[in-house]
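A look at the structure
What follows is the residue order along each chain.
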Amino acid sequence: MRNWHSLYEILKFPLQMVMLALILCGIGNLIVNPSYGICTFVSHDVLKMTGQIIQKAGTFLISNFPLVFLINAVIKKGSSGITVISALFGYVSFLVTTMVLAPSNLTTNAYSSIFGLSFTTNYTFSSSVTKYPLQTGFVSVLIVTFITLFMFGVSKKKNEYGFFSFISKEMFCVIGTVVLSVLCGAAVSFLWPMFISFIQRIVNFIATDTTNPVNMALYGIMDRIMNMLNLSALIRQPFWYTIQGGSWMSLTGASVTGDVNIWTSQIASSSVTSISGRFITPYYVLNIFAVPGMLLALYSLCTEPVTKHRYTGALIAGTLVSLLCGTLLPLEMMLLLLCPVLLLMHLGLTGILFAVLQSLHIYLGYNCSSTLILSALPGTLPEFLSYIGSPSLRPTLLMILIAGIITAAIYFLVTRLYFTKLSVDLFRTGDLERCVAAVIKGVGGLDNIRVTQASFDSLTISLYDPTKLRPSRFRSLGVFRIYDTRSGFRINLGAGSIMVKNEIEKQIRSTVR
């Protein structure tokens, strides 16, 4: 776990790309949304075209986020351009292998036309079938990343006088990555249907009684986990767009299935009932209240003025993304890399929220005619405000407002509690003392420390004698880079920075006494 937080530093750029993509999607949605978009009030083809371009650009970046993750990871870890080429060839080889070998009788959401890959079988022993790569999300990306870095390490040790001496180290890395990716792709092609079957069992269990708070809690937790794996379609599509999410007969006699479809049809016909919206309602609370509450708590933990000023923009951007784009992905990915325990707390609170709102019969759905899961923006502030004009929905909006304020306070307090009391040495094994001792030795002793400052992910120490700093001593803590700033040396210790700062200050005070 000591090196786990170093992944956060490596993967900051992909997270920033996701933020950019979501901002683009949010801006595009504000322009072209048929319910509350600017084009609804100002009809202009150029404006509509601009909104569509922005929205499509954001959707493209979100869809290819795993690829950005893959490229950035191999560049940072491998520090060589050959790793990028190897990773791209390996990733495509993996996808093609799953496209050819995976069974074609899985549910439609188990496949995805990534990079437009597809082919139609023309075998004599079976009918013609168009096949697509398996939708494996981050699983395939992680597999190819490890393969690429492994082969890069092996290629550097390659003997130039061996049997394969005619193959350069760079080519050896590419070939090895492709071969291992094909083998892993073949294995995944046979194992992945078991995973799909497992997810389908969970879906069927939840669908047996979607009015049961326990079932809804399970859905909420699974939805967040699958979303982080870039596999949200496996859990959302059945409930949002099929009979497993409910059915409703419209006034014209048409049968509508799926929670999102039902809500959209009812809004269009001004006949909202209490049978739809249960799969969406908690996201209004999470996006509009919980995420800003957590971000505010993270901001309040910063004691260094320079860092706090730097995080002001991040606080504003993160809050706007949550309010306007209705997604938790950037925050959850950050929590996964920086503080997995806090992510588990978030998942538990999400499940509780789904259960409580179901128990109170509070429903507010998602008005959307598109079936693109990856670019869906449920639970946004603009959509929430658009329902104020509906008298029948005002009591629901008030209940969500009350639940949101309570949830924001809980997230704020839980976040501060975690970083100040639980982020290091949760089970009292002595990790905090060892970490503090290593930091003190690395900066040249307790008497060399002038001032300590901290944020939720880094520790800044001002020293009397900077020449006593020993960066190599921090490697055991998973720190591979130390920044010299105006406030002192910034050490990226991860989630434990606040607790380490407090313990150092405690030792300084006891020494003065």
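First, a word on what this report is: a plain description of the structure on this page. (Residues numbered from 1 in each chain as written. Predicted model: local features only at pLDDT ≥ 70, side-chain atom pairs only at ≥ 80, totals over all residues. Heavy atoms only, no water.)

If you trace the four strands from one edge of the open sheet to the other, you get β5-β6-β8-β7, paired in antiparallel fashion. Looking at which strands have only one partner, the edges of the open sheet turn out to be β5 (449–454) and β7 (482–485). Taking the axes of each pair of neighbouring strands and ignoring which way they run, one obtains an average angle of 25° across the sheet. In this sheet, strand β8 (residues 488–491) lies alongside strand β6 (residues 459–463) in antiparallel orientation, the contact comprising three bridges. By the bridge assignment, T460 is partnered in β8 with R490. (Pairing = 2+ DSSP bridges. Helix = DSSP H or I, 4+ residues; strand = E, 2+ residues; numbered from the N terminus. Axes fitted to C-alpha atoms, helices over the stretch in contact; angles between N-to-C directions.)

For the coordinates displayed, the defined rule picks out four salt bridges. Among the ionic pairs, D223 bridges to R224, the shortest N-O distance being 3.0 Å. Residue D223 shares its accessibility class with R224, and that shared class is buried. A salt bridge links E505 to K501, with the shortest nitrogen-to-oxygen separation between them at 3.1 Å. In this pair, E505 and K501 are both assigned in helix α19 (residues 497–512), four residues apart and thus about one turn of the helix distant. When its relative accessible area of 9% is taken as the criterion, K501 is described as buried. (Salt bridge = Lys/Arg side-chain N within 4 Å of Asp/Glu carboxyl O. Buried < 20%, exposed > 50% of the residue type's maximum accessible area, 1.4 Å probe, protein only.)

Further remarks concern unusual backbone geometry. Its identity is not glycine, yet N230 carries a phi of approximately 65°, on the positive side. Residue placement: N230 occurs in the loop between α9 (213–228) and α10 (233–241). Using a relative accessible area of 10% as the deciding quantity, one classes N230 as buried. One non-glycine residue, H361, lies in positive phi territory at about 55°. Here H361 lies in the loop between α15 (340–359) and α16 (381–386).

Here we take up the packing of helix α2 (residues 12–32) against helix α13 (residues 305–325). Any two packed helices are characterised by the angle at which their axes cross and by the distance between the axes. At a closest axis distance of 9 Å, the pairing of α2 and α13 adopts a crossing angle of 45°. With respect to their mutual orientation, α2 and α13 come out oblique. The two elements α2 and α13 meet at a crossing, and its hand is left-handed. Listed contacts from α13 to M19, L22, I23, G26 and L30 of α2 are A317, G318, V321, L324 and C325. Of the residues belonging to the contact of α2 with α13, the class tally is eight nonpolar, two polar and no charged. (Parallel < 35°, antiparallel > 145°, perpendicular 65-115°, else oblique. Left-handed = near helix turned anticlockwise from the far one by under 90°. Contact = heavy atoms within 4.5 Å. Nonpolar A, V, L, I, M, F, W, Y, C, P; charged D, E, K, R; others polar.)

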